[in-house]
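# What the coordinates show
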Amino acid sequence: MMQKITPFLWFDDQAEEAINFYVSIFKHSKMVNANRDPDGKLFTATFQLEDLEISALNGGPEFSFTPAVSFFVTCNTEAEVDELWQKLSEGSRVLMPLDIYSFSEKFGWLEDKYGLSWQLNRGSSSQKIMPFFMYVGDHGQAEEAMKLYTSLFADSRILNIERFGEGEGGVVGAVKQATFVLNSQQFMAIDGGAGHAFTFTEANSFFVNCESQAEVDELWQKFTAEGEESMCGWLKDKFGVSWQIVPSALMEMLGDEDPEKAKRVMDAMLQMHKIDIQKLEEARDQNN
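Summary of the structure given here. Small disclaimer: the values here were computed from a predicted structure and weren't measured. (Residues numbered from 1 in each chain as written. Predicted model: local features only at pLDDT ≥ 70, side-chain atom pairs only at ≥ 80, totals over all residues. Heavy atoms only, no water.)

### Comments concerning the layout of surface pockets
- Estimates place the volume of the largest pocket at around 1,400 Å³.
- Around the largest pocket, the lining is made up of 42 residues, and of these Phe 8, Thr 44, Phe 207, Gln 244 and Met 251 lie nearest the centre.
- Taken as a whole, the second largest pocket holds about 880 Å³ of empty space.
- Every residue lining the second largest pocket is counted, 43 residues in all, and those nearest its centre are Phe 103, Phe 132, Lys 176, Gln 177 and Ile 190.
- Elements supplying a minimum of two residues to the lining of the second largest pocket: strand S5 (69–75), strand S6 (93–101), strand S7 (104–111), strand S8 (117–122), strand S9 (129–136), strand S11 (175–182) and strand S12 (185–193).
- Examining the composition of the lining of the second largest pocket, we find that six residues originate from one element, S12, more than from any other.
- Residue composition of the lining of the second largest pocket, by class: 19 nonpolar, 18 polar and six charged. (1 Å grid on protein atoms, 1.4 Å probe; cavity = no way out; pocket = protein on both sides within 12 Å on 5 of 7 lines; lining within 4 Å. Points joined across faces, edges and corners; volume = space filled by probe spheres on them. Helix = DSSP H or I, 4+ residues; strand = E, 2+ residues; numbered from the N terminus. Nonpolar A, V, L, I, M, F, W, Y, C, P; charged D, E, K, R; others polar.)

### A word on the packing of aromatic side chains
- Within the structure shown, the criterion is met by 35 aromatic pairs.
- With 4.9 Å between their ring centres and 80° between their planes, Trp 10 and Phe 63 make a pair best called edge-to-face. In this pair, Trp 10 is assigned in strand S1 (residues 5–11) and Phe 63 in the loop between strand S4 (52–58) and S5, connecting sequence segments 53 residues apart.
- For Trp 10, a relative accessible area of 13% gives the class buried.
- Taken together, the aromatic side chains of Phe 133, Tyr 135, Tyr 149, Phe 153, Phe 180, Phe 187, Phe 200, Phe 206, Phe 223, Phe 239 and Trp 243 make up a single cluster linked through ring pairs.
- In this structure, Lys 113 packs its charged tip against the face of Phe 21, placed 4.4 Å from the ring centre. (Phe/Tyr/Trp six-rings, centres within 6.5 Å; stacked < 30°, edge-to-face > 60°. Buried < 20%, exposed > 50% of the residue type's maximum accessible area, 1.4 Å probe, protein only. Lys NZ or Arg CZ within 6 Å of the ring centre and 35° of its normal.)

### Some details on helix H1 (residues 15–25)
- The complete set of buried residues in H1 reads Ala 15, Ala 18, Ile 19, Phe 21, Tyr 22, Val 23 and Ile 25.
- In this structure, the buried side of H1 is in contact with S1, strand S2 (30–36), strand S3 (42–49), S4, helix H2 (78–89) and S8. (Contact = heavy atoms within 4.5 Å.)

### Here we look at helix H3 (residues 142–152)
- Buried residues of H3: Ala 142, Ala 145, Met 146, Tyr 149, Thr 150 and Leu 152, and no others. One side of H3 carries all its buried residues, which in axial view fall inside an arc of 155°.
- As for H3, its buried residues are in contact with S9, strand S10 (157–163), S11, S12, helix H4 (213–224) and strand S16 (242–247). (Arc of directions from axis to C-beta.)

### Focus: the sheet that holds S3
- The eight strands are arranged S2-S3-S4-S1-S13-S16-S15-S14 in an open sheet whose pairing can be described as mixed. Two strands in the sheet have a free side with no partner beyond their single neighbour: S2 and strand S14 (228–229).
- As paired strands, strand S15 (residues 234–236) and S16 are joined by three bridges and run antiparallel to one another. Note on S16: the bridge partner recorded for Trp 234 is Gln 244.
- This element, H1, spans S1, S2, S3 and S4 of the sheet and lies at about 15° to S3. (Pairing = 2+ DSSP bridges. Axes fitted to C-alpha atoms, helices over the stretch in contact; angles between N-to-C directions.)

### Quick notes on the environment of Asp 191
- Along the chain, Asp 191 turns up in strand S12.
- The spacing of Asp 191 and Tyr 135 is 56 residues in sequence and 5.0 Å in space, taken between C-alpha atoms.
- Ignoring any residue separated from it by four or fewer positions in sequence, one finds Asp 191 in contact with Tyr 135, Gly 140, Gln 141, Ala 142, Phe 164, Ala 174 and Val 175.
- Within the local environment of Asp 191, its side chain forms a polar contact with the backbone nitrogen of Gln 141, the two atoms lying 2.8 Å apart.
- Within polar-contact distance, the side chain of Asp 191 engages the backbone nitrogen of Val 175 at 2.9 Å. (Polar contact = N/O pair within 3.5 Å; in protein donor to acceptor, adjacent residues only side chain to side chain.)

### A few points about the pattern of salt bridges
- Tallied over the full model, the rule gives 20 salt bridges.
- Here Glu 78 ties to Lys 106 by a salt bridge, and the two come within 3.2 Å at their closest N and O atoms. Within this pair, whereas Glu 78 is found in helix H2, its partner Lys 106 is found in strand S7, the two being separated by 28 residues in sequence.
- According to the relative accessible area criterion, Glu 78 is partly exposed, its value standing at 42%.
- Salt-bridge contacts for Lys 263 lead to Asp 267; the nearest nitrogen and oxygen are separated by 2.9 Å. A residue pair is termed a helical-turn pair when its members lie 3 or 4 positions apart in one helix, as Lys 263 and Asp 267 do in helix H6 (residues 259–269) at four residues.
- Salt bridges linked by common partners bring Glu 78, Asp 82 and Lys 106 together as one network. (Salt bridge = Lys/Arg side-chain N within 4 Å of Asp/Glu carboxyl O.)

See the structure below:
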């Protein structure tokens, strides 16, 4: 079954190098597919790390990763934490040193040499790698965001919320850590509080594979109600998180064996905000 929501990473020009690096350090990992330009340079790709598919793009220098989105990796043993930490540490910036904390017998948080953030934790979980949202600002938004997201997707719910208490360094009652499910996929969230010099950027977005125009329309309307439209199926929700709302029909048409048809579809898509399947089909078939 195709993964409904796919983390999408925007690199400058290091996507293939980064993918090869990640696939080499995680077990049960592989390149799934790669699209290249006429010179052979990687344009987009999808790869699998353990139980999570991730997509990547060589998009240019416009956007950079921040710790507002990271990947939370649950390791079964201390040795596994140590091994992954050592491999990810090369050229990294440590955000929280690998150590014993009140919430974990072994935990560390770093930005790797490509700027992508990883949290490594000794523990147990039914999903090995989970996208992790940090909502920064003066007031907690994590719970509101989780309620919005879980209302939009089937098979979705908030699994647990742990809240800050007195003297724990956060706003009392705000989300200290939470886990939620969107379409059977697990995600995590936290209220990061004020004082951070970063927030969400387009470098980390979430690609939603939609089955119909009706699903595209509904998600687009609800995400942009207090958010912001962009081009080519991209948008930002009210919290600043970037999403790509894309019908599977678009990907099928872009893969048409007739390159002229595929080009007409691409040209039409580049003019759109919300993706319109009927207009794409009209562009594909205009010379028939």
